[in-house]
Amino acid sequence: MDYKFWEIEPKWQQYWENNKTFKTPNDFSKPKYYVLDMFPYPSGAGLHVGHPEGYTATDIISRYKRTKGFNVLHPMGWDAFGLPAEQYAIQTGTHPAITTQKNCDNFRRQIKSLGLSYDWDREINTTDPKYFRWTQWIFTKLYNTWFDAEQGKGRPISELPIPEDVKAQGDAAVKTYISEKRLAYYDNAQVWWCQSCKTVCANEEVLTDGSHEKCGNQVVRKNLKQWLLRIPHYAERLLQGLEQLDWPEGVKDMQRNWIGKSTGAEVDFALDGLTEKLRVYTTRPDTLFGATYMVVSPEHPLLSKLTTPEAEVRVAEYVQAASLKSDLDRTELAKEKTGVFTGRYAINPVTGKQIPIWVADYVLMGYGTGAIMAVPAHDTRDFEFAQKFDIPVVCILDPKEADAETRAAVLAGNACWTEDGAYINSVNPDKGINLNGLNKKQGIETIVAWLQEQGIGKATVNYKLRDWLFSRQRYWGEPFPVIHWEDGEISLVEENLLPVTLPEMEKYEPGEGGESPLANAADWLYVTDANGRKGRRETNTMPQWAGSCWYYLRYIDPHNDEQIFDPKVENYWMPVDLYIGGAEHAVLHLLYSRFWHKVLFDLGVVSTEEPFRKLFNQGMILAFAYETATGAKIASDLVEEKDGKYFHKETGEELRQIVAKMSKSLKNVVNPDDVVEKFGADSLRLYEMFMGPLDDVKPWAENGVKGVFGFLNRACRFFGDPENITGGDEDKETLKLLHQTIKKVGDDIENLRFNTGISALMIFNNHVLKQGKVTKQTAETFAKILAPYAPHLAEELWQLYGHNETLAYESWPEVDESLFVESTFEYPVSFNGKMRFKIALPIDMPNAEVEKAVLEHESSARWLEGKTPKKIIVVPKKIINVVL
RNA sequence: GCCCGGGUGGCGGAAUUGGUAGACGCGCUGGACUCAAAAUCCAGUGAUAGCAAUAUCGUGCGGGUUCGAUUCCCGCCCCGGGUACCA
């Protein structure tokens, strides 16, 4: 049978669609397996070859698990809110919904052409009002939830205890108190603003160079009324939850770093001439004896009080200058420390000495208390600062492990030592404190106990995680179900009135000064309540993360108009057993999703504490590119190859082959449609999996596609030719290899090692090609184990062997381990670790006889050189090593 | 700087718990088929030396542990990702 993939593939895709082969019933009698892809943003550019990488992997797992008797949930949908459709609307006036629809249709067509076994009846779209009705519903839940620190969980706002003193202040105070506890709140926030996108962005969306991750333009600070979510309340839970997850350690680490937990202590410093105290946060309270000055951030609320009249001018100037600096200047570029003395002194509580208080922008208001005690001898930043401004450096940790020179410098206060050591100068009998002789752990415990006793400090925990800025100044997003009333009250749109849909508009331009385009939708914007009170709808929309935060829950029950989903069904399907997608979502999407999920868990909406049990990141698919000796990139169509070297077609200059991201300018973008047309979907699937380990970054090579295409051709020609299929018993060697292959392919799928699984299939195919004939049973087994990878060809073969039904639910072949039992093993024999020859011996032969057989072997004499071996190591079924 | 990954032929990559380094595929070389090409098939292919059998070297570098190290330990170098004045 010739390999006519162009006929086979559409035929089976049609069959699967007509028969709803992959429609997933909520059949609770079977064990379930939920395999999820990170759903795509349907861009106008269509599918990139990176998409099918993850999709093929999950498809192989899905198809395999079905044959192992699992009820498999494998859905697909569209994360379709987003800026490109809105920008296109601004340019052309085309409604984003129309653009989105078109793009979704194209993505669906492309994905279907790959033969992926999705249950298309569960398709979802985040821009569908029937979907975002529930996104809005979750927002109302967040708004109406507070975090009970004692119980460590979120609870309905109706259960929030109101302190008596708040009650005494009246209704307004109670309302304020409540709104300060809600997980979602509306407030003035210093936010990142992208002038190019005319919208705010979350901290997480700003890259380290101060650019917006979406567009690459620099962002600026701006003060705006915004919606924020109190994700830091869940910091500890988000951290702890990681422990139970089967996720790549790297991703867990990134989340841990992002959450940024640190343990330390808060210490109150008395101030000279003021009754106020200055509170600092430190992770090293044990170095208190070395604190020779203090620093407050330029935004510190106490700064004006601290500043003495003589210092007023310079402090004001400094604060002014700092406020003009972007955060970028304050961090990356300006490594050189700046600061001015406030004129005020604090009292070091352990030494009783006066220490100066400075203001400097290397201390950030947003972390800890916005003030620090500076220990220049044992903190590099403080040391730098102290050196520059000539502040005393007092060493209180003797660096015993350091070399003599370093040690001397540190002890003299001329160098900084941040490692552990032995405390010195850390005793004050008057205050009843002595750390000398303790180690770091004991030192911290002792000083914290002392601070607590004195009532001037306590152990504390800090997190880097900040409130999540949750609103955007865009049209194409979920509207908030919120109304701002003329009297200042904020209320939610009632649940039975959801969804709040987007108004039709003629123009989609954002308003000036940070207003969303929705501010122009007069008919939609204004509302009046039953009492005639006027109100205005929230004009911001939710960020794109909103829809993707919970989509995996909607697949479970996508058409339910009564509830977000039926809890019985949720209880069956959750959690997601395997989630595959790009590593770029390591923190943002995955952290946000976990946060929402935990809130929903606390409220009893979902049944699992974590949404994604196992996570796997596919590596990016790159492409070869070419550059000159000076590093200039050359578009691929200007490159020619000669004898394995690359030259510029026009200049003749020799070029270097490099690996880079696919890009239009390099002309090395691979379109999946072209690959499918030329080699077929099965070849594309197979190649994407054969390129290398799923999590590796790897370059696309068209010759590689030809390689797997050749394999499918040979397999099709051999297994599709009735003359090669015989009756009778299978050849022993073939049978053994077949079972080894079943085992290898199955194990490799379970472990997501698809490249070596394909290699095993190739080895088997090469074998039978040489063998010439196989039994029908062998041929059928081959079709079954090929099916997860190349389902179209497998179905075709299966049909050829006389079956009328799909093989998608045929059970996975059993491995007959007894075939692997061998009576002899061909031992590699090495002398002093170098392999010299091989000898076949019975595996149950006693060691003494093995040694004898080895030494008597004709080749041994040559390596023994007349010597008597010192030792002979025999590792059964592994190796024999003769030690001379 | 700090935290994660990773360095294996010309290329993508294999190698259970330490046990024959280079599976499988690409590329290349030679051959068959063909008027010829493509396609297909067969053989070879880590480097060096040799007609060959074979030998020596070989998994980023330098040490170590071991009968035996791509694998474990110590010290470096390089590449990729994340993060960055978080006290």
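Quick look at the structure, then. (Residues numbered from 1 in each chain as written. Chains lettered and ligands numbered in written order. Predicted model: local features only at pLDDT ≥ 70, side-chain atom pairs only at ≥ 80, totals over all residues. Heavy atoms only, no water.)

Quick word on the overall build of chain A
- Tallying secondary structure elements over chain A gives 29 helices and 39 strands in all.
- Contacts spanning at least 24 positions in sequence make up 71% of the contacts within chain A whose residues lie at least 6 apart.
- Surface summary for chain A: the accessible area is close to 40,100 Å², and the carbon and sulfur share equals 49%.
- Looking at chain A, you have 101 positive and 125 negative side-chain charges, and the mean spots of the two groups are 2 Å apart. (Helix = DSSP H or I, 4+ residues; strand = E, 2+ residues; numbered from the N terminus. Contact = heavy atoms within 4.5 Å. Areas by Shrake-Rupley, 256 points an atom, 1.4 Å probe, with all protein chains shown as cover. Lys, Arg positive; Asp, Glu negative; His and termini not counted. Charge placed at Lys NZ, Arg CZ, Asp CG, Glu CD.)

Some words on the layout of surface pockets
- For the second largest pocket, the calculated volume is near 540 Å³.
- What lines the second largest pocket is a set of 21 residues, and nearest its centre among them are Tyr 143, Lys 175, Thr 176, Ser 179 and Ile 490.
- By residue class, the composition of the lining of the second largest pocket is 9 nonpolar, 5 polar and 7 charged. (1 Å grid on protein atoms, 1.4 Å probe; cavity = no way out; pocket = protein on both sides within 12 Å on 5 of 7 lines; lining within 4 Å. Points joined across faces, edges and corners; volume = space filled by probe spheres on them. Nonpolar A, V, L, I, M, F, W, Y, C, P; charged D, E, K, R; others polar.)

Some points on the side chain of Asn 668
- Looking at the secondary structure, you find Asn 668 in the loop between strand S32 (654–660) and helix H21 (672–679).
- Side-chain polar atoms of Asn 668 contact the backbone nitrogen of Ser 663, separated by 2.9 Å.
- If we skip the residues at most four places from it in the chain, Asn 668 touches Ala 623, Phe 624, Ala 625, Ser 636, Lys 661, Met 662 and Ser 663. (Polar contact = N/O pair within 3.5 Å; in protein donor to acceptor, adjacent residues only side chain to side chain.)

Overview of a nonpolar patch on the surface
- A surface patch of nonpolar side chains, about 190 Å² in accessible area, is lined by Ile 873, Val 875 and Ile 879.
- In this fold, Ile 873 is placed in strand S38 (residues 871–875). (Patch = residues over 30% accessible without salt bridge, like charges linked within 9 Å, V, L, I, M, F, W, Y side chains within 5 Å. Salt bridge = Lys/Arg side-chain N within 4 Å of Asp/Glu carboxyl O.)

A look at the sheet that holds strand S24 (residues 526–528)
- Strand order in the open sheet made by the 4 strands is S23-S22-S25-S24, with antiparallel pairing throughout. The open sheet terminates on both sides in strands that have one partner only, identified here as strand S23 (490–492) and S24. The mean angle between the axes of side-by-side strands here comes to 35°, regardless of whether they run parallel or antiparallel.
- Judged from the 3 bridges that link them, strand S22 (residues 482–485) and S23 form a sheet pairing that is antiparallel. The residue of S23 that forms the bridge with Ile 483 is Ser 491. (Pairing = 2+ DSSP bridges. Axes fitted to C-alpha atoms, helices over the stretch in contact; angles between N-to-C directions.)

Examining the sheet that holds strand S27 (residues 615–618)
- If you trace the 4 strands from one edge of the open sheet to the other, you get S2-S1-S26-S27, paired in parallel fashion. Only two strands of the sheet have a single partner each, and these edge strands are strand S2 (71–73) and S27. The sheet shows a mean angle of 20° between the axes of neighbouring strands, taken without regard to direction.
- Here strand S1 (residues 32–37) pairs with S2 via 3 bridges, running parallel. If you follow Tyr 34 over to S2, its bridge partner there is Leu 73.
- Along the sheet, helix H2 (residues 50–67) contacts S1, S2, strand S26 (578–582) and S27; its crossing angle with S1, the most-contacted strand, is approximately 170°.

With respect to the nonpolar core
- Residues Trp 468, Tyr 551, Trp 596, Trp 700, Phe 719, Phe 754 and Tyr 789 are the most contacted members of the largest nonpolar core, which totals 168 residues.
- For Tyr 551, the contacting residues outside a window of four places in its chain are Leu 36, Asp 37, Met 38, Phe 39, Ile 124, Tyr 131, Tyr 579 and His 589.
- Grouped together as the second largest cluster of nonpolar side chains are 56 residues, Ala 311, Ile 355, Ala 371 and Trp 450 included. (Core = buried A, V, L, I, M, F, W, Y, C linked by side-chain atoms within 4.5 Å. Buried < 20%, exposed > 50% of the residue type's maximum accessible area, 1.4 Å probe, protein only.)

A few points about the pattern of salt bridges
- With the rule as written, the count across this model stands at 50 salt bridges.
- Across the pair Asp 246 and Lys 614 runs a salt bridge, and its minimum N-O distance is 3.9 Å. Of this pair, Asp 246 sits in the loop between helix H8 (235–241) and helix H9 (249–259) while Lys 614 sits in the loop between helix H20 (588–602) and S27, and the two are 368 residues apart along the sequence.
- Of the residues examined, Asp 246 reaches a relative accessible area of 38% and is grouped as partly exposed.
- A salt bridge links Glu 249 to Arg 256; its shortest N-O distance comes to 3.8 Å.
- When its relative accessible area of 47% is taken as the criterion, Glu 249 is described as partly exposed.
- One connected set of salt bridges, linked through shared partners, spans Arg 237, Arg 594, Lys 598, Asp 602, Glu 609 and Glu 610.

Examining the packing of aromatic side chains
- On inspection of all chains with the given rule, the structure shows 55 aromatic pairs.
- Taking 6.0 Å as the distance between ring centres and 50° as the angle between the ring planes, the aromatic pair formed by Tyr 3 and Phe 709 counts as tilted. Of this pair, Tyr 3 sits in the segment before helix H1 (5–18) while Phe 709 sits in helix H23 (residues 702–719), placing them 706 residues apart in sequence. The same class applies to Tyr 3 and to Phe 709, which are both buried.
- Pairing Phe 679 with Phe 709 gives two aromatic rings, centres 5.3 Å apart and planes at 70°, and the pair type is edge-to-face. Remark: Phe 709 occurs in helix H23 and Phe 679 occurs in helix H21; sequence separation between them is 30 residues. For the residue pair Phe 679 and Phe 709, the accessibility class agrees, reading buried in each case.
- Its end group placed over the ring of Tyr 33, Lys 65 keeps NZ or CZ at 4.6 Å from the ring centre.
- Between Arg 836 and the ring centre of Trp 863, over which it is positioned, the NZ or CZ distance is 3.8 Å. (Phe/Tyr/Trp six-rings, centres within 6.5 Å; stacked < 30°, edge-to-face > 60°. Lys NZ or Arg CZ within 6 Å of the ring centre and 35° of its normal.)

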